[in-house]
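A closer look at the structure
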Amino acid sequence: MRRLLPHPLLTPILALIWLLLNNSLSPGHILLGLLLGWFIPWFTLRFWPERVRIRRPLTLLRFIAVVLYDIVVANLSVARRILGRPAALRPAFVSVPLELKTELAISLLANTICLTPGTVSARLAPDRRCLLVHGLHVPDAGALVASIKQRYEAPLKEVFESC
Amino acid sequence: MLEYLLSFLILTGAVFTFIGSLGLARLKDFYTRLHGPTKATTLGVGSLLIASALLFSTRGDGVSLHEVLVTLFLFITAPVSAHLLAKAALHLELPSLAPAPQEETHDRQAGNSRGPGPHKGA
């Protein structure tokens with residue numbers, strides 16, 4: 001079972017993406033999508049050795065909603081900063097200590113930090129203990145770290161790593 | 001009515017994309033410039049895509065969902081490229097308005113004590 005279907009979550013997702021790409025729901029495309037969804041994870045197994053488990057789907061949904069809301073709000077503030085006086089900006093590098101352990105959760109956190117405007121994740125320490133983040137305007141580094149940890153890291157930890 | 005909504009969405013998208021590009025010209029160093037085009041544009045492209053989905057869902061045959069995929073691919077690829085650009089800039093030690101990060105100096109000191117680092121001579 002494990003060898004035949006290494007990533008049970010990936011199969012329906014890939015099939016759904018295939019149907020969206022073709023914009024159709026015909027039985028042929030559903031079959032082809034499911035075939036691709038089975039074949040691609042099996043073929044790329046070496047890149048994804050560990051199995052992904054989502055423990056709390058509701059927390060994941062709430063996390064996505066929070067991120068979308070943050071993207072809109074932060075976009076407005078970055079636009080205002082660009083139009084304002086650039087000399088008033090206080091960019092800074094902030095190091096965020098990580099509690100996440102799994103690769104998927106860390107890369108999702110880095111992606112989220114990059115997506116929410118005003119912060120770019122710049123470098124992951126080789127020992128994966130902390131993530132270097134560059135902020136466009138950081139009046140208070142501690143507050144930025146706290147908000148990243150509370151808004152993004154805590155739900156990701158709950159979804160992917162709670163036991 | 002739909003046309004007003006669509007034009008509003010397209011104009012919003014254009015304005016945000018423009019502000020993002022304006023950031024390239026107005027901001028002073030590489031790291032802050034990185035924020036403009038990768039960020040302010042997510043909302044810009046987002047509203048353009050919503051406009052596109054609305055238009056083709058109401059005009060064409062059936063619901064148009066290609067835009068969902070464009071959003072998905074954009075949200076996966078844009079942060080990765082931003083991250084890699086920032087990482088490359090840190091590696092090349094580009095001048096920055098922000099004080100250089102702590103670990104970077106530690107790395108360099110460690111590299112120096114062991115002799116010239118691989119990126120020192122480049």
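Given the structure is predicted, the values throughout are model-derived calculations rather than measurements. (Residues numbered from 1 in each chain as written. Chains lettered and ligands numbered in written order. Predicted model: local features only at pLDDT ≥ 70, side-chain atom pairs only at ≥ 80, totals over all residues. Heavy atoms only, no water.)

This part is about the pattern of salt bridges. Residue and element names in this part refer to chain A. Within this structure, the stated rule accounts for three salt bridges over all chains. A salt bridge links Lys149 to Glu153; the nearest nitrogen and oxygen atoms lie 2.9 Å apart. Of this pair, Lys149 and Glu153 are both found in helix 5 (residues 141-161), four residues apart, which corresponds to roughly one turn of the helix. A relative accessible area of 21% means that Lys149 is categorised as partly exposed. The structure contains a network of salt bridges with shared partners spanning Glu99, Lys149 and Glu153. (Salt bridge = Lys/Arg side-chain N within 4 Å of Asp/Glu carboxyl O. Helix = DSSP H or I, 4+ residues; strand = E, 2+ residues; numbered from the N terminus. Buried < 20%, exposed > 50% of the residue type's maximum accessible area, 1.4 Å probe, protein only.)

Contact residues are listed per partner, giving 37 residues for chain A and 42 residues for chain B. Summing both partners gives a buried area of about 3300 Å² for chain A against chain B, and 73% of it is carried by carbon and sulfur. Per-residue buried area on chain A facing chain B is highest for Ile82, Phe93 and Arg123 of chain A; these three make up 20% of the total on that side. Applying the counting rule to chain A against chain B returns zero salt bridges. One can count three residue pairs in polar contact (both at pLDDT 80 or more) joining chain A with chain B. (Contact = heavy atoms within 4.5 Å. Buried area = accessible area lost by both parts, 1.4 Å probe. Polar contact = N/O pair within 3.5 Å; in protein donor to acceptor, adjacent residues only side chain to side chain.)

A word on the packing of helix 4 (residues 103-115) of chain A against helix 5 of chain A. Residues and elements named next belong to chain A. Taken N-terminus to C-terminus, the directions of helix 4 and helix 5 make an angle of 150°; their axes are 10 Å apart at the nearest point. In terms of orientation, helix 4 and helix 5 fall into the roughly antiparallel class. Two packed elements cross with a definite hand, and for helix 4 against helix 5 that hand is right-handed. Residues Leu104, Ala105, Leu108, Leu109, Thr112 and Ile113 of helix 4 form the contact with helix 5, whose own contacting residues are Ile148, Tyr152, Glu153, Leu156, Phe160 and Glu161. Taken together, the residues of the contact of helix 4 with helix 5 break down into nine nonpolar, one polar and two charged. (Axes fitted to C-alpha atoms, helices over the stretch in contact; angles between N-to-C directions. Parallel < 35°, antiparallel > 145°, perpendicular 65-115°, else oblique. Left-handed = near helix turned anticlockwise from the far one by under 90°. Nonpolar A, V, L, I, M, F, W, Y, C, P; charged D, E, K, R; others polar.)

Moving on: the sheet that holds strand 3 (residues 130-135) of chain A. Judged by pairing direction, the sheet is antiparallel, and its three strands sit side by side in the order 1-3-2 (chain A) without closing on themselves. The open sheet is flanked by strand 1 (92-97) and strand 2 (119-124) of chain A, the only strands paired with a single partner. Taking each pair of neighbouring strands and ignoring which way they run, the sheet shows an average axis angle of 30°. Relative to strand 3 of chain A, strand 2 of chain A runs antiparallel, the two being bridged by five bridges. Paired with Leu124 of chain A across the two strands is Leu131 of chain A, which belongs to strand 3 of chain A. Set on the sheet, helix 5 of chain A makes contact with strand 1 and strand 2 of chain A; between it and strand 1 of chain A the angle comes to about 45°. Its contacts with the sheet place helix 3 (residues 66-92) of chain B against strand 1, strand 2 and strand 3 of chain A, and it is angled at close to 60° to strand 2 of chain A. (Pairing = 2+ DSSP bridges.)

Our next topic: the confidence of the model for chain B. Residues and elements named next belong to chain B. Mean pLDDT over chain B works out to 74, with 76% of the residues at or above the 70 mark. Counted against residues more than four places away or in other chains, residues 104-122, with its pLDDT under 50, gives 10 contacts. For this predicted complex, the interface confidence comes out at an ipTM of 0.76, alongside a pTM of 0.75. (pLDDT = per-residue confidence, 0-100.)

Residue and element names in this part refer to chain A. Remark: helix 3 (residues 57-83) packs on helix 5, axes separated minimally by 9 Å, with the N-to-C direction vectors making an angle of 160°. With respect to their mutual orientation, helix 3 and helix 5 come out roughly antiparallel. The two elements helix 3 and helix 5 cross, and the hand of that crossing is left-handed. Packed against helix 3, whose contacting residues are Thr59, Leu60, Phe63, Val66, Val67, Tyr69 and Asp70, the element helix 5 presents Arg151, Tyr152, Pro155, Leu156, Glu158 and Val159 at the interface. For the contact of helix 3 with helix 5, the residue count by class is nine nonpolar, one polar and three charged.

What follows covers the domain arrangement of chain A. For chain A, the assigned domains are domain 1 (10-47) and domain 2 (57-160). The gap between the C-alpha centroids of domain 1 of chain A and domain 2 of chain A is 32 Å. (Domains from an automatic or database assignment.)

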